[in-house]
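Chain residues, written in single-letter form:
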Amino acid sequence: GQFQQNVQADGLVELLDMSATILDLCGVEIPDYFQGRSLLPVLRGEQPGDHVRDFVRCEYFEALDPFFTDGVGSHATMYRNDRFKLSLYHDQKLGELYDLQNDPWEFDDLWDHPDYQDVRNDLVLESFHSHVVLTTDVGTKRIAPM
């Protein structure tokens, strides 16, 4: 009885958001360091569900079959925003880029397409920055002015 019925949302979410939602539903305070975001406001109709996150990312260990990588697997990351999906196979110098607005089923890999090199480079940089910001513990908060 706490959720609106027949709610369908198109916003980007991550699996971490499920655990944050469950914690929030149980009344447990979500720690500052927790990367998940509660979806309760969307489920209750208090917030639109069309824009929960600006991007999502995930990591894949052993992402490529060793058959394709000369006997070793690969570590990969995926970065996706509202329009594009970028997958990087970090130790293989390989990647994939899809324009999800024009190719939602990911048939046309634009990684090497000359018209998309700036988009690819921007997304690689955004992916790198998001990884650093989300995974690096910078220690205690600065208390002195810069």
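Residues numbered from 1 in each chain as written. Predicted model: local features only at pLDDT ≥ 70, side-chain atom pairs only at ≥ 80, totals over all residues. Heavy atoms only, no water.

Undergrad: Pulling in residues and values, what's your account of a negative patch on the surface?
TA: There is a patch of like negative charges on the surface, built from Asp10, Asp50, Asp54 and Asp82. Its relative accessible area of 52% is what places Asp54 among the exposed residues. (Patch = residues over 30% accessible without salt bridge, like charges linked within 9 Å, V, L, I, M, F, W, Y side chains within 5 Å. Areas by Shrake-Rupley, 256 points an atom, 1.4 Å probe, with all protein chains shown as cover. Salt bridge = Lys/Arg side-chain N within 4 Å of Asp/Glu carboxyl O. Lys, Arg positive; Asp, Glu negative; His and termini not counted. Charge placed at Lys NZ, Arg CZ, Asp CG, Glu CD. Buried < 20%, exposed > 50% of the residue type's maximum accessible area, 1.4 Å probe, protein only.)

Undergrad: An account of the packing of aromatic side chains is requested, with residue identities and associated values reported.
TA: In total, this model carries 2 aromatic pairs according to the counting rule given. Taken together, a centroid distance of 5.1 Å and an interplanar angle of 25° make the contact between Phe55 and Tyr79 stacked. Of this pair, Phe55 sits in the loop between helix 2 (40–43) and strand 1 (56–60) while Tyr79 sits in strand 2 (residues 76–80); the two residues are 24 residues apart in sequence, bridging distant segments of the chain. Overall, Tyr79 belongs to the buried group, its relative accessible area being 4%. Taking 6.4 Å as the distance between ring centres and 70° as the angle between the ring planes, the aromatic pair formed by Phe84 and Tyr116 counts as edge-to-face. Taken together, the residues span a long stretch of sequence, with Phe84 in strand 3 (residues 84–89) and Tyr116 in the loop between strand 4 (94–99) and helix 3 (117–135) at a distance of 32 residues. When its relative accessible area of 10% is taken as the criterion, Phe84 is described as buried. (Phe/Tyr/Trp six-rings, centres within 6.5 Å; stacked < 30°, edge-to-face > 60°. Helix = DSSP H or I, 4+ residues; strand = E, 2+ residues; numbered from the N terminus.)

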